[in-house]
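These are the residues of each chain, in order.
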Amino acid sequence: MRKLLSSVFLFFVLIASANDKFLVNDFESGLGGAGNAWGGVCEWIDNPLKDVNNSSSKVLKVSSSEFAATSIPFTLPNGKVLTDYMGVRLQLAVIDACGENIHWVGCDLGVQDNVGNKCWPGSASWQTGELNTWITLEFWLDETILSAWLAGEHTDELSLLMKVGRQKFIYIIDNIELIEKAEYVGDGTQNYFGVNLSGAEFGGIYPGVDGTHYGYPTYKDLDYFKGKGLNLIRFPFRWERIQRVMNGPLDATELSKMKTFVQAAEDRGMPVILDLHNFARYSFDGGKTYTLIGESSNLTAEHLADVWRKLAQEFKDYNNIWGYDIMNEPYSMHPSAPWVNIAQVVIDAIREVDTETPIIVCGDSFSSARFWVEYSDNLRTLVDPSDNLIFQAHLYFDKDYSGQYLNSYDADGVTANTGVERAKYFVEWLKRYNKRGLLGEYGVPDDDPRWLETLENLLIYLRDNGVPGTYWSAGPRWGDYKLAVQPSNNYTVDRPQMSVLEKYTVTAGNESGIEERADISGSGLKVSCMGREITLKSEKPCEVSVWNLSGVLVHKVSVLPNSPVYLTLLPGFYMVEHIKIVVN
């Protein structure tokens, strides 16, 4: 759920109205007049772009000599605190470049109180653009910085402190909104597609230095994939970093970083898979050598159970944990300690502290989908007291199944149906034994468009058979890795694989299958439903009401041009204006 606060710049106070939508001022009349801002001049003018995806008759004009900063004092509605909000969105258009090339426009968000304390918890930028074109800028509150600032009890007379521009531009600003944190509603059975967001498992040196050997994905990564509809996030991390000593406590610093990421995903309504990315091994010497679980008393199934019992205790109260992925790609297990036995010990330990969250069990032998029956058939004997297991396979299209892609498409003998042919072994097993499954890794290089056809056929097959998946991989540390779908140029340029991935966001049987227009006063409102998420897009500002069949108003939201609104609904029947929606 995203709640709109229609607003404008300068020194006006937010006022709560009866429908819980509150305004800074009278948007159309510019009540309160114009004023000056640091580094520039602000004034109300008639909207020169009124007919270009924007219907406000008045906008704020800023003439910037270097940068312009403005302050917006505000109060929050009763019962709300600043940390209920995840970010700010606004529309901006340059109307005079003052003879300079338009190559950078940016915003910083600060928070300031009456004694001058401030923080800068978010920023956004626009790298290229044209005159007289509305753009939408979004930037997000940094929970850690904001919480530290609020801990100083500077909570009176709050202000949003905006800085816009770094050149001699004349620009106009409109449609500023605070974005409320999303409410995630899920039970782990929603069959989304998504991506692996890597970084926390990187390095090969343990524990290593954050920022040098490894690093965590950020809210910007989440925002990008949320915008693509790829909501399910598999989050790899290393055992050596989260637990430095066997049976010891979880490392407080790493745990805090993990929780920050999970919370950011929860705020955005994105489910997360916690993936212990260790291949059934642990390095006791910083990454030089690796000990296999079960080959000695130094590393046993009970040690793995211990770390998961502690992780489950820490994460069980989050609403967006899609599953505990207890071990990535176990392989070459010791005969005296088969993977199926180790997994059972871990399942029992987790259920001591968490009886609800799904447990995800990777297959043996690198979790191969193609060789699932040969190496992982015995996993169907696992017993979960909560009957909430999900089995995970991985699949790559190269000749040796490794995902290294050392050869070309032709040299490896790949066809358009290679992925489907390999996936069938796993999917048919799921059907045969009535099990739930996940394809947790699959990926293709970006050097031959034929790989994309093979990828798309696999996704169609998974979608039609109700098996969700997470692409390998994304995250800010991949560089030129040819399988990566991390965008470039400040999240504005997609990788080639994204043209396929963004077409498949939920599986069959998990969508309402509607995308209709509900023309509210000529707004051009488009309503789409995928899984339990409703997306509202509009060509003009409008108010949208969502009712259940008992006549209860469930949501009332404002929708702005170029700013989709996402609502997550419980299963049931709803009316969005005149459109009937069934949410599964």
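Residues numbered from 1 in each chain as written. Predicted model: local features only at pLDDT ≥ 70, side-chain atom pairs only at ≥ 80, totals over all residues. Heavy atoms only, no water.

Colleague: What's the story with the nonpolar core in this structure? I'm lost.
Modeller: Here is a general trend for soluble globular proteins: nonpolar side chains tend to be buried in one another's company. Residues Leu274, Leu304, Trp308 and Val361 are the most contacted members of the largest nonpolar core, which totals 97 residues. The contacts of Leu304, once residues within four sequence positions are left out, are Trp239, Leu276, Ile293, Ile326, Met327, Trp339, Ile342 and Val346. Ranked by size, the runner-up nonpolar core spans 15 residues in total, among them Leu525, Cys542, Val544 and Val557. (Core = buried A, V, L, I, M, F, W, Y, C linked by side-chain atoms within 4.5 Å. Buried < 20%, exposed > 50% of the residue type's maximum accessible area, 1.4 Å probe, protein only. Contact = heavy atoms within 4.5 Å.)

Colleague: Just to check I follow, could you spell out the side chain of Asn196 for this structure?
Modeller: With respect to the secondary-structure elements, Asn196 resides in strand E11 (residues 193-197). At 3.0 Å, the side chain of Asn196 forms a polar contact with the backbone oxygen of Gly440. With residues near it in sequence (within four places) discarded, Asn196 still touches Arg234, Pro236, Gly440, Glu441, Thr470, Tyr471, Trp472, Ser473 and Ala474. (Helix = DSSP H or I, 4+ residues; strand = E, 2+ residues; numbered from the N terminus. Polar contact = N/O pair within 3.5 Å; in protein donor to acceptor, adjacent residues only side chain to side chain.)

Colleague: Teacher, can you tell me more about the pattern of salt bridges here?
Modeller: Opposite charge on two side chains makes pairing possible when the charged atoms of those side chains draw close. Applying the stated criterion to the full structure yields 23 salt bridges. When the shortest N-O distance is used, the salt bridge between Arg380 and Asp377 registers 3.0 Å. Since its relative accessible area comes to 34%, Arg380 is described here as partly exposed. Across the salt bridge formed by Glu428 and Lys431, the nearest N and O atoms sit 3.9 Å from each other. With Glu428 and Lys431 both in helix H9 (residues 418-432) and three residues apart, the pair spans about one turn of that helix. Given the relative accessible area of 47%, Lys431 is considered partly exposed. (Salt bridge = Lys/Arg side-chain N within 4 Å of Asp/Glu carboxyl O.)

Colleague: Would you mind showing me how to read the confidence of the model for the protein here?
Modeller: This prediction gives the protein a mean pLDDT of 80; 70% of its residues lie at or above 70. Scored below 50 in pLDDT, residues 153-157 makes 10 contacts in the model with residues more than four places away or belonging to other chains. (pLDDT = per-residue confidence, 0-100.)

Colleague: Would you mind showing me how to read the packing of H9 against helix H10 (residues 449-464) here?
Modeller: Between two packed helices, both the angle of their axes relative to each other and the distance between the axes serve to describe the pair. Contact geometry for H9 and H10: axes closest at 8 Å, N-to-C directions at 25 degrees. In terms of axis orientation, H9 runs roughly parallel to H10. Considering how the two elements wind past one another, H9 and H10 form a crossing that is right-handed. Here Thr418, Gly419, Val420, Ala423, Lys424, Val427 and Glu428 of H9 lie close against H10, whose contacting residues are Thr454, Asn457, Leu458, Tyr461 and Leu462. (Axes fitted to C-alpha atoms, helices over the stretch in contact; angles between N-to-C directions. Parallel < 35°, antiparallel > 145°, perpendicular 65-115°, else oblique. Left-handed = near helix turned anticlockwise from the far one by under 90°.)

Colleague: Is there a simple way to think about unusual backbone geometry in this case?
Modeller: Generally, phi is negative for residues other than glycine and the peptide bonds are trans, each holding for most cases. The linkage connecting Tyr206 with the following residue, Pro207, adopts the cis geometry, with an omega of 0 degrees. Among the structural elements, Pro207 can be located in the loop between E11 and helix H2 (219-227). In the segment running from Trp472 into Ser473, the intervening peptide bond is cis, with an omega of 5 degrees. With respect to the helices, strands and loops of the structure, Ser473 is situated in strand E20 (residues 469-474). Positioned with a positive phi, Phe366 is a non-glycine residue whose angle comes to about 60 degrees. Note on Phe366: relative accessible area 40%, which makes it partly exposed.

Colleague: Got a minute to help me understand the packing of aromatic side chains in this structure?
Modeller: Each pair of aromatic rings is reported with the distance of its centres and the angle of its planes. Throughout the structure, instances matching the rule amount to 25 aromatic pairs. Centroid distance Phe315 to Tyr318: 5.6 Å. Interplanar angle 35 degrees. Geometry classified as tilted. The buried category is assigned to Phe315, whose relative accessible area is 0%. Taken together, a centroid distance of 4.3 Å and an interplanar angle of 25 degrees make the contact between Trp478 and Tyr481 stacked. Residue classification places Tyr481 among the partly exposed positions, given a relative accessible area of 23%. The residue whose ring lies beneath Arg241 is Tyr214, and the NZ or CZ to ring-centre distance is 3.8 Å. (Phe/Tyr/Trp six-rings, centres within 6.5 Å; stacked < 30°, edge-to-face > 60°. Lys NZ or Arg CZ within 6 Å of the ring centre and 35° of its normal.)

Colleague: Explain the pairing of strand E17 (residues 359-362) to me, please; I cannot follow it from the model alone.
Modeller: The two faces of E17 match: Ile359 and Val361 on one face and Ile360 and Cys362 on the other face are all buried. Inspection of the sheet shows strand E16 (residues 321-325) paired to E17 by two bridges, in the parallel sense. Pairing of Tyr324 across the sheet is with Ile359, part of E17. Viewed along the sheet, the connection from E16 through helix H6 (residues 339-353) into E17 turns out right-handed. As judged from the four bridges shared by E17 and strand E18 (residues 389-394), these two strands associate in the parallel manner. From the neighbouring strand, Val361 faces E18, where its bridge partner is Phe391. (Pairing = 2+ DSSP bridges. Right-handed = clockwise from strand over helix to strand, strands pointing away.)

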